Amino acid sequence: LCGYRQAVLQTRSRLTGVDLTTGAELWSVNVEAFRGMNILTPTVIGDRIFTSSYGGGSFLYEVTGDTSNGFKVTQVWRNKVQGYMSSPVVVDGHVYLHLRNQRFACIDLVSGKESWITQPFGKYWSLIVANDQILALDERGELMLIRASPEKFDLIGQHKVSENPTWAHLAVADGQVFIRELRSLHVLDWLKD
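Just so you know, these numbers come straight off a predicted model, no measurement behind them.

> So what's going on with the pattern of salt bridges? Which residues, and what values?
The full count for this structure, using the stated rule, is seven salt bridges. Taking the shortest distance from any N to any O, the salt bridge between Arg48 and Glu62 comes out at 3.6 Å. Within this pair, whereas Arg48 is found in strand β5 (residues 48–53), its partner Glu62 is found in strand β6 (residues 57–66), the two being separated by 14 residues in sequence. On the basis of relative accessible area, Arg48 is assigned to the partly exposed category, the value being 29%. Here Arg147 ties to Asp132 by a salt bridge, and the two come within 3.9 Å at their closest N and O atoms. Placement of Arg147 in strand β14 (residues 142–147) and of Asp132 in the loop between β12 (125–130) and β13 (133–138) is noted, with a sequence separation of 15 residues between them. For Asp132, a relative accessible area of 32% gives the class partly exposed. Each of Asp132, Arg147 and Asp154 takes part in one network of salt bridges that share partners.

> Got a sec to walk through the packing of aromatic side chains? Specific residues and values, please.
In this structure the tally under the stated criterion is 14 aromatic pairs. Seen in terms of ring centroids, Tyr96 and Trp116 are 6.1 Å apart; in terms of plane orientation they differ by 50°. Their pairing is tilted. Taken together, the residues span a long stretch of sequence, with Tyr96 in strand β9 (residues 94–98) and Trp116 in strand β11 (residues 114–117) at a distance of 20 residues. Both residues of the pair, Tyr96 and Trp116, count as buried. For the pair Trp116 and Phe153, a centre-to-centre distance of 5.5 Å together with 65° between the ring planes defines the contact as edge-to-face. Of this pair, Trp116 sits in strand β11 while Phe153 sits in the loop between β14 and β15 (154–160), and the two are 37 residues apart along the sequence. Given a relative accessible area of 9%, Trp116 falls into the buried group. Judged by relative accessible area, which is 24%, Phe153 ranks as partly exposed. Linked through ring pairs, Tyr96, Phe104, Trp116, Phe121, Trp125 and Phe153 together constitute an aromatic cluster.

> Give a detailed account of the sheet that holds strand β4 (residues 43–45), specifying residues and quantitative values.
Reading across from one edge, β4-β5-β6-β7 is the order of the four strands in this open sheet, with antiparallel pairing throughout. Each edge of the open sheet is held by one strand with a lone partner, namely β4 and β7 (70–79). Across this sheet, the average inter-strand angle for adjacent strands is 25°, counted without regard to direction. By the bridge criterion, nine bridges tie β6 to β7 in an arrangement that is antiparallel. Residue pairing across strands places Phe59 opposite Arg78, the latter belonging to β7.

> Could you give me a rundown of the sheet that holds strand β16 (residues 171–173), with the residues and numbers involved?
With antiparallel pairing, three strands are arranged side by side in an open sheet as β16-β17-β18. Of all strands in the sheet, those with a lone pairing partner are β16 and β18 (185–189), marking the two edges. In this sheet, adjacent strand axes meet at a mean angle of 25° when their direction is disregarded. The pairing of β16 with strand β17 (residues 176–180) spans three bridges and is classified as antiparallel. Each bridged residue has a counterpart across the sheet, and for Val172 the counterpart in β17 is Val177.

Conventions used here
- Residues numbered from 1 in each chain as written.
- Predicted model: local features only at pLDDT ≥ 70, side-chain atom pairs only at ≥ 80, totals over all residues.
- Heavy atoms only, no water.
- Salt bridge = Lys/Arg side-chain N within 4 Å of Asp/Glu carboxyl O.
- Helix = DSSP H or I, 4+ residues; strand = E, 2+ residues; numbered from the N terminus.
- Buried < 20%, exposed > 50% of the residue type's maximum accessible area, 1.4 Å probe, protein only.
- Phe/Tyr/Trp six-rings, centres within 6.5 Å; stacked < 30°, edge-to-face > 60°.
- Pairing = 2+ DSSP bridges.
- Axes fitted to C-alpha atoms, helices over the stretch in contact; angles between N-to-C directions.

What follows is the structure, given as structure tokens:
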């Protein structure tokens, strides 16, 4: 952020930047949340950070300044939709986020407005992106392939990959998708056109 390497963390009540060498706090802003349920991982986009909280909403912050004069954090916009546990992904200026109410949303990063919101799905989604495709795994073992499009929700396909709970985050390496479920690890080839 602002040309300075730092760790960006979301605690129970704050979003903060931390110096990687000293551990000193560089900047901080309060993030509203019901009972401190700030669970998802904030997403850095240039010098801006998108985050969302249970009971608070979704936010885009901009960080300016430097280590000599200090950093300043400004809220660019706020939206009423609330993420919960699922960390968002960003594709072509839009953030894709699984919400507290179990719906999936696409939000324009410039305006902060929703492009669309779906019907309810599972309680939790792990999301990863490759080009314009989003791979989403819910806690019930349902794996979904979604085209990232601000025009509409475009579910390309879905497949049940486990009968056991799948709460762990998806991982991808060398064209393979790793899915950890309650009792085992599944490795699938991700074939793309």
